[in-house]
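# Inside the fold
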Amino acid sequence: LSAQVEMNDSSCIVPQLELKLAHSRVAFDTIAVSYAAIDRHLRWSERLRLNAQLKSSHIYFPDLKMFAPELGRLRSDFVVSGTLSGNLANLKAYNLHAQYGKGMVFDGDFRFTGLPDIQETFIDARLNEIAFTPQALQDFAAQLAQRPVVLPEQIHHLGKCRYSGSIIGFVSHLVLNGRLATNAG
């Protein structure tokens, strides 16, 4: 861990931060956290406001299994960059670009309202592109489930899939509005 920190009574600014784990490197241009006086009426997820510029970072999820055991199951390289802002209860991610392995890509903007309870969180995503191959999606699902997952043969016939548009709603009920293109047409 390497960083400089500037603090006062209402904020903490880290101009450069680089975190190196066994197989991961996460780098930020700037992280700014502001906090108001402790207000007993605010939940902790509303007290802190974040603004972070994430540089292109390489994450190997097994490095994070102590914090998120489910993610430790994912074995492919994950590269991500973008800007995060807001508090945990109202978190925004702009210009978020992520690539998982060789077959999955995400590029767009997200807004999460209601974290940390994922079941009660409203998601509003504007997507420039989500792209994946059926094999990459199948492997990703199998790693998360820790059991074999086999997609129907018809999905494999689609070839590479690309989606652009929006996704809104709760995890249990997402609505997509956009354009899906596949190698099959």
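Residues numbered from 1 in each chain as written. Predicted model: local features only at pLDDT ≥ 70, side-chain atom pairs only at ≥ 80, totals over all residues. Heavy atoms only, no water.

## Thoughts on the nonpolar core
A general tendency of soluble globular proteins is for nonpolar side chains to be buried together. Within the largest apolar cluster, 26 residues are counted, with the highest numbers of intra-cluster contacts made by Phe28, Phe78 and Val80. Mapped onto this core, the elements with two or more residues apiece are strand E3 (11-14), strand E5 (25-35), strand E6 (48-59), strand E7 (78-87), strand E8 (90-100), strand E9 (104-113), strand E10 (122-132) and strand E11 (161-170). The element that contributes the greatest number of residues to this core is E8, accounting for four residues. In contact with phenylalanine 78, not counting residues within four places along its chain, are Ser57, His58, Ile59, Phe61, Ala98, Gln99 and Tyr100. (Core = buried A, V, L, I, M, F, W, Y, C linked by side-chain atoms within 4.5 Å. Buried < 20%, exposed > 50% of the residue type's maximum accessible area, 1.4 Å probe, protein only. Helix = DSSP H or I, 4+ residues; strand = E, 2+ residues; numbered from the N terminus. Contact = heavy atoms within 4.5 Å.)

## Here we look at unusual backbone geometry
In this structure, asparagine 95 is a non-glycine residue whose phi angle is positive, near 50 degrees. Within the secondary structure, asparagine 95 is located in strand E8. Given a relative accessible area of 57%, asparagine 95 falls into the exposed group. Even without being a glycine, glutamine 146 presents a positive backbone phi close to 60 degrees. Residue placement: glutamine 146 occurs in the loop between helix H2 (134-145) and helix H3 (153-158). The exposure class assigned to glutamine 146 is exposed, which follows from its relative accessible area of 57%.

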